[in-house]
Amino acid sequence: MTGLKHLLAASTALAFCAGPALAERGADGELKIIYWQAPSTMNPFLSGGTKEVEAASMVIEPLARYSNTGEIIPALAAEIPTLENGGISEDLKSITWKLKTDVLWSDGTPFTAADAIFTWQYCTNPEGGCAQGAYFDGVANMEALDPHTLKITFTEAKPFPYTALVGSESPIIQAAQFAECTGSRAPECTEQNFNPIGTGPFRVVEFRANDVITLEANPNYRDPAKPAFATVTFKGGGDAESAARSVLQTGEFDYAWNLQISPEVLNEMEAAGQGKVVVAFATSVERILVNFTNPDPALGPDERSVWKEDGSNAHPILSDIRVRKALSRAIDPVILTEIGYGKTGRPTCNVLPGPDIYVSTANEACKTQDLEEAKALLDEAGWVPGPDGVRVKDGKRLSFLYQTSTNAVRQEFQAIIKEWWSEIGVETELRNISASVFFGGDPNSPDTFQKFYADIEMYTNNFSGVDPEAYMAQWTCEKAPRPATQWQGENINRFCSAEYDALAAEFSRTAGLEARAEIAKKMNDILMQEYVIIPLIHRGGTSAHANSLGGVLINDWDSELWNIADWHRVK
Amino acid sequence: MLRYAARRLLISIPTLLAISFIVFALLDLAPSDPTANLPLTIPPEVREKIRLSLGLGEPFIIRYFKWLEQFLINEPLAVLEQMTGLTIGDSENRLRVLSWATRSPVTDLIVERLPQTLWVVGMSYVVAVVIAVPLGVISAYRQYSLFDQIGTFISMLGFSIPTFFTGLLLIVIFSVWLGWLPSIYDTTHVVEDWDSFWFQVKQMAMPTMVLALANASQISRFMRASMLDNLTQDYVRTARAKGVRERTVVLLHVLRNSLIPVVTVIALGVPTIFGGAIVTEQIFRVNGIGALLITGIESNDIPLVQTLTFIFAILIVVFNLIADLLYGVLDPRIRYD
Amino acid sequence: MPLDAAKTETLVSVRGLSMHFPIYAGIFRRQVGVIKAVDDVSFDIGRGETLGVVGESGCGKSTTGRAVIRLYKPTAGSIFIDGKDISKTEGDALRRLRPSMQMIFQDPQACLNPRMTVGSIIAEPLDEHRRDMSRAERQEKVRALLDQVGMNPDFANRYPHEFSGGQRQRIGIARALALDPKFIVCDEPIAALDVSIQAQVVNLLEDLQDRLGLTYLFISHDLSMVRHIADRVAVMYLGKLVELASRDALYESPRHPYTKALLSAVPTVEKRSVERIILQGDVPSPANPPSGCVFRTRCPMAEARCAAEVPAFRKLADGRGVACHFAA
């Protein structure tokens, strides 16, 4: 009886992944994966880091996940609920998931809707410090209609309901194991956090924090033929370049993640013929942000780079759109891509670069640099060249402080862009800050990207999943970081536009993919045409795998290890 | 000498307490927030709760004494329990120094990391001494000979070339070109037979040699200088006048006297073994104590950094004392009474 | 026969001994010259005799002493001890000769290995050369030696730093005596000691010579002490032997202008017989000695001939040897 079900499940998986499932479980021996940033825990709810989320994705699974094409596919759910199949209620206020009925935890106990409900309670406990709490925003209640039917009700209509328990950042943990680990006791459960019981293809044998994880095939995995590998060694530490070398040159490892290294080096390593570099594009965009508030160091902590509702603290120079546009026109993203990213990036003119239906085509002009137009714009704005070539107006020099995190590619970009801007008469002072401080978010540090104590800054941001609603809502007025919010908030530019806020509100009410795409494009175009953000490069997730490793479908929408059950040794 | 050692140990207690306070205070006052690395989606109230659960709500001085209690009493007890399997007192509810990043006890992390650090860094130190002492002796005995010139050149290289460069060079040669040695250290490897022992030797070879080169350069220079000092001493001429064999002159008279300062230098260097080798451990992914410290610093894991730093301080104080006592043992002219 | 042994048959005979040290310079340490520390020196020492060697520091007297017992390999010349040329002997053969010739060093602190006990310092030559002796015998010998030099035999287990300078020099002497040598080079054995101790040590040396029939080459810059102990005295200047005479002859009527100058500087209880002669200038560098007579640059009697011609070391009528064109 169960055998038949297993067979069915296997054939479903086959249909999705087209992987050769001819081998039996564990037939392919050891799989060696290297992540140069080592996971510090196996509980993704206690650490928001990608490395922890991806490591955990081998063990614990969500209801549904995203495929390499950005399509939502069932994991622990039997099917994806939609309006058509009745899984989503007409008022968009609830979603009902049908769970697979034959799933066992790695300890042999059955997986039920109670585990899903427990996970929601675990993560929303205010004392637990759950890092993935945003996935459960708007969830009013979860109830089990029967052991394998989960109904989630929302406080208000949720046009995009695939957030809670969907994707690798929102997996389901076992209620029995974590029952004693809720709230303030969550961090103390070292054993549970390091060795979670899961439904995924592998289970933890030994977890060494920040070093190495040893896993073995989950004997209770729902597909009896999978995974093909008997064990996984998940090594961490070191740097990206040597991780790439261990796969592409020495062949010691099968898979290396997140290889942010210079394109020439990567090409050279790939030429050794041991493995392949694979790139997946999702939503990461390297961008330049323009500060709409005054970052003058002479201002006090309640004034400097603080947005005021009355617009009184606007940036003295960058408030003029002509200056912002000139800065953008002077940049050539094509050249930057070639220099900094090679095939792991592509020039973009949108801050919302994917999935495809959301991508606007209205801003392509940004890809061609036009220094003359930039100069004309500055002339028009009243900035005239001074004796040293730097433009001046009313005794002020056209001079900006341009900051970013310490990173070889970013410093190279800074130098090139400074050169371009100096050609149009803009003086640039460069600054780089250690990434741990810049992105550290310490409200007491003056050097965080949120404080934005500079005129211009550059970094990469993205959104996880496939729905851009929350991402596009970042640029609404009330999300500006300021002392009152402990400098928290995502509107780093301090951009504020009534029109944009209205679109964001409309977005949150609109259902239906096409309609939502329309709004998202409009919001993207506002940000682009107001030159709030100067997008540079659509960055791909770059990984490498050995030629002997089959089944890898690199995925930037979900964990890169999303289909590790299908990975196998190429004979 | 025992009395001297006991007195020195007593004197070092206030020193260590002062160090512990400074270490704790410096790291505590440094601007860092345990919740800084958490995602922005976590509201400030939750962050505050996390800080409270980590014990940050209490005044500085209380936290210091709590940490001191945890470090000096609870952690040693916990380690003892793990080693002996006994249960001492109320071990269930004993508060331990918890790492903020991994949420596990700091000493557990250290105990997990120590074997590979001791193996690799310790072995490199042993190799360094084994290479450096004969090198220094021969270099000094045959001063300005070809051997001495080559030895001087190599130790200059060892001194001046940073380990990240030699490490990379070795990886390119031995892992990429020749494919003889693994470039990544397997910390889970267990030695149980000759094959696995051979693998352990192979994976230790490169990190050990990189560190040994740097250490040997230093020690061999000390050895050479000390030998040169002693070779021209009158008692060496006396020994020759006695008609003692040249080997005996060099090994018994000169080497023994020359080793006094070198042994001290070697003893003072031992704490650095426990400190690990941050750069080399990163390159070869040995992931020992050095790598632990650097990840602790990068992720604002203050309890981890405080504990490690304080352990280093203790080791340095202890090995200073050992070096002093060794001096007394080796040199009869020095008496601690 | 003053060049030869004064009393009985000759024990030590040195002929044309030269000791040149190379000078290296530059990046590649090429040899650029030599220091002629000892240059063509000849003398004999009779059995049981004490030959004093005097001269300013740097004149080569210590080098001569060390070369004679082959602590150096001489550049040229021959050294006969008991009729056997040891100047070319090397390695083990040389080592086996060590028991017959020993040396007492200037600095009693530095010449004793600080990490060895007095007993083991004295016993080491026994361990090396007297394998025939049992352990107990060797220990007994060490005690006897300590007793012989006037020290408590129980001090054998102590370290050198526990003793005073005079005691250490006694240890040094005991060590030198361990192998029953015939010939001992005393290289300024009292220079580092207090004046009050100096006499004790010198008396000990004389006493031992009487009892054991030792032959000394006594090197010193202290002319009064040499006068006290030596039978004959050799005077050296810049690596050369300038005068060699019996003690009384030398002190009463020095012939070489350098000897005269040296002796005129010695305070005596008697009334000064000669004017104090003060030499002008400094000792020239042994790396670049003057032509002709090496003393001519400071000699009050120097003439043109002195620069052109090296004065031969010749015997005068009274039997003494002098290297001066004008000595008669």
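You'll find the structure just up there.
If you're wondering where the values come from, they're calculated on a predicted model, not measured in any experiment. Throughout this description, residue numbers start from 1 for each chain and increase along the sequence as written. Chains and ligands are labelled sequentially in the order written, the chains with letters from A and the ligands with numbers from 1. Local features in this predicted model are restricted to residues whose pLDDT is 70 or higher, and side-chain atom pairs enter the listing and the counts only when it is 80 or higher, whereas totals over whole chains, interfaces and linings include all residues. In computing side-chain properties, one takes all heavy atoms of the structure into account and sets aside hydrogens as well as water.

Okay, the state of the cysteines next. Disulfides are defined in this document as cysteine sulfur pairs within 2.5 Å. Tallied over the entire structure, the rule returns three disulfides over all chains. Paired through a disulfide, A:Cys181 and A:Cys189 show a sulfur-sulfur distance of 2.0 Å. Between A:Cys181 and A:Cys189, the disulfide has an S-S torsion of -100° and is therefore left-handed. Since its relative accessible area comes to 0%, A:Cys181 is described here as buried. A disulfide bridge connects A:Cys349 with A:Cys366, and the sulfur atoms are separated by 2.0 Å. Between A:Cys349 and A:Cys366 the sulfur-sulfur dihedral comes to about -95°; the bridge is accordingly left-handed. Pair noted here: A:Cys349 is in the loop between β12 (345-347) and α10 (371-380) and A:Cys366 is in the loop between β12 and α10, with a separation of 17 residues, a long-range link. Residue class for A:Cys349 comes out buried when judged on its relative accessible area of 1%. C:Cys186 forms no disulfide, and the closest cysteine sulfur to it belongs to C:Cys111, at a distance of 12 Å. Per-residue accessibility, obtained with a 1.4 Å probe over protein chains only, is compared with the maximum for each type, and a residue is labelled buried under 20%, exposed over 50%, and partly exposed between these values. Residue classification places C:Cys186 among the buried residues on the basis of a relative accessible area of 0%. Put simply, DSSP marks the helices as runs of H or I at least four residues long and the strands as runs of E at least two long, and each gets a number from the N terminus on.

The contact criterion used throughout is that any non-hydrogen atoms of two residues lie within 4.5 Å. Listed per partner, the contact involves 21 residues of chain B and 26 residues of chain C. The term buried area means the drop in 1.4 Å probe accessible area that two parts suffer when joined, counted for both and summed. A buried area of about 2,300 Å², summed over both sides, lies between chain B and chain C, and 54% of it is on carbon and sulfur atoms. A pairing counts as a salt bridge when a side-chain nitrogen of Lys or Arg comes within 4 Å of a carboxyl oxygen of Asp or Glu. Applying the counting rule to chain B against chain C returns two salt bridges. Across the pair C:Glu128 and B:Arg245 runs a salt bridge whose closest N-O atoms are separated by 2.5 Å. In the analysis that follows, any N or O atom pair within 3.5 Å is treated as a polar contact, provided that within protein one partner can donate a hydrogen and the other can accept it, and provided that, for residues neighboring in sequence, both atoms belong to side chains. Remark: the boundary between chain B and chain C carries 15 residue pairs in polar contact (both at pLDDT 80 or more). The set of elements that each furnish at least two residues to the side of chain B that touches chain C consists of α8 (234-241) and α9 (246-275) of chain B.

Let us look at empty space enclosed by the protein. Residues and elements named next belong to chain C. Cavities and pockets were defined on a 1 Å grid built over protein atoms only: a cavity is a set of grid points that admits a 1.4 Å probe from which the probe cannot escape, a pocket is an open set flanked by protein on both sides within 12 Å along at least five of seven lines, and lining residues are those with an atom within 4 Å of any such point. Grid points are joined across faces, edges and corners, and a volume is the space filled by probe spheres set on the points. Counted by the stated rule, this structure contains seven cavities of 30 Å³ or more. In this model, the second largest cavity occupies a volume close to 60 Å³. Taken together, His256, Pro257, Cys293, Phe295, Arg296, Cys299, Cys306, Pro311, Ala323, Cys324, His325 and Phe326 make up the lining of the second largest cavity.

A few words on the packing of aromatic side chains. In this description, a pair of aromatic rings is defined by centroid distance and the angle of the planes. Residue and element names in this part refer to chain A. Aromatic contacts are taken between Phe, Tyr and Trp rings whose centres are within 6.5 Å, Trp giving its six-membered ring; a plane angle under 30 degrees counts as stacked, one over 60 as edge-to-face, and the others as tilted. The full count for this structure, using the stated rule, is 38 aromatic pairs over all chains. With 6.3 Å between their ring centres and 40° between their planes, Trp36 and Trp257 make a pair best called tilted. Of this pair, Trp36 sits in the loop between β1 (30-35) and α2 (50-56) while Trp257 sits in the loop between β10 (255-256) and α7 (263-270), placing them 221 residues apart in sequence. For Trp36, a relative accessible area of 17% corresponds to the buried category. With a centroid separation of 5.6 Å and an interplanar angle of 40°, the aromatic rings of Tyr402 and Trp421 are classed as tilted. One end of the pair, Tyr402, is in strand β16 (residues 399-405); the other, Trp421, is in helix α11 (residues 408-423), with 19 residues separating them in the sequence. The same class applies to Tyr402 as to Trp421, namely buried.

What follows deals with a nonpolar patch on the surface. All names here are of chain B. Put simply, a patch holds well-exposed residues, over 30% relative accessible area, that have no salt bridge, with like charges counted together within 9 Å and Val, Leu, Ile, Met, Phe, Trp or Tyr side chains within 5 Å. For the area figures, the Shrake-Rupley method with a 1.4 Å probe applies, and any residue is considered shielded solely by the protein chains shown. Together, Leu146, Ile150, Phe153, Ile154, Met156, Leu157 and Leu213 line one region of the surface with nonpolar side chains, adding up to about 660 Å² of accessible area. Residue contributions to the nonpolar patch peak at six residues, all from helix α5 (residues 146-160). Its location among the elements puts Phe153 in helix α5.

Let us now look at the sheet that holds strand β5 (residues 84-85) of chain C. Residue and element names in this part refer to chain C. In this description, strands pair whenever DSSP reports at least two bridges between them. On the basis of which strands lie adjacent, the open sheet formed by four strands has the order β2-β1-β4-β5 and antiparallel pairing. With one partner strand each, in any of the chains shown, β2 (30-46) and β5 form the two edges of the open sheet. Taken together, the two bridges between strand β4 (residues 76-81) and β5 define a ladder with antiparallel strand orientation. By the bridge assignment, Ile81 is partnered in β5 with Lys84. To define axes, lines are fitted to C-alpha atoms, for helices over the stretch in contact only, and angles between the resulting N-to-C directions are given on a 0 to 180 degree scale. Sheet strands touched by helix α1 (residues 61-68): β1 (10-25), β2 and β4. Its angle to β1, the strand with the most contacts, is close to 115°.

Another aspect to go through is the arrangement of the chains. Summarising the chain contacts, two pairs of chains touch, and the pair with the most contacts is chains A and B. For the non-touching pair chain A and chain C, the nearest C-alpha separation works out to 42 Å.

Residue and element names in this part refer to chain C. Here eight strands make up an open sheet; going across it, the order is β6-β7-β8-β3-β9-β10-β12-β11 and the pairing mixed. Every other strand in the sheet has two partners, leaving β6 (101-104) and β11 (314-315) as the edge strands with one partner each. Note: strand β10 (residues 240-246) against strand β12 (residues 321-322), two bridges, orientation antiparallel. Note on β12: the bridge partner recorded for Glu243 is Val322.

This brings us to the pattern of salt bridges. A complete count under the given rule lists 57 salt bridges over all chains for this structure. The partner of C:Glu9 in a salt bridge is C:Arg47, with the nearest N and O atoms 3.5 Å apart. Of the two residues, C:Glu9 is situated in the segment before β1 and C:Arg47 in the loop between β2 and β3 (50-54); the sequence distance between them amounts to 38 residues. A relative accessible area of 27% means that C:Arg47 is categorised as partly exposed. Here C:Arg305 ties to C:Glu309 by a salt bridge, and the two come within 3.5 Å at their closest N and O atoms. Salt bridges sharing common partners tie together B:Arg245, C:Asp92, C:Arg95, C:Arg96 and C:Glu128.

Below, the discussion takes up unusual backbone geometry. Residue and element names in this part refer to chain A. Cis rather than trans, the peptide bond between Lys226 and Pro227 has omega equal to -5°. The topology assignment puts Pro227 in the loop between β8 (212-217) and β9 (231-236). Looking along the chain, the bond that leaves Gly354 and enters Pro355 is cis, with omega of -10°. Tracing the backbone through its elements, the reader meets Pro355 in the loop between β12 and α10. Backbone geometry places Asn258, a non-glycine residue, at a positive phi of 55°.

Attention now goes to the environment of C:Leu11. Residue and element names in this part refer to chain C. Its location among the elements puts Leu11 in strand β1. Look at Leu11 and you get buried, because its relative accessible area is 1%. C-alpha of Leu11 to C-alpha of Gly83: the two residues are 72 residues apart in sequence and 7.2 Å apart in space. Apart from the residues lying within four places of it in its own chain, the contact partners of Leu11 are Ile45, Gly46, Arg47, Phe80, Ile81, Asp82, Gly83, Lys182, Phe183 and Thr215.

Residue and element names in this part refer to chain A. Among all positions of α10, only Leu371, Ala374, Leu377 and Leu378 are buried. The buried residues of α10 occupy an angular sector of 120° when projected down its axis, which confines them to one face. Of the exposed residues in α10, the ones pointing more than 90 degrees away from its buried face are Glu372 and Glu380. The opening residue of α10 is Asp370, an N-cap whose side-chain oxygen sits 3.2 Å from the backbone nitrogen of Glu372. In the segment just after α10, Gly382 is the residue with positive phi, at about 95°. The arc under discussion is defined with respect to the helix axis, by the directions toward the C-beta atoms.

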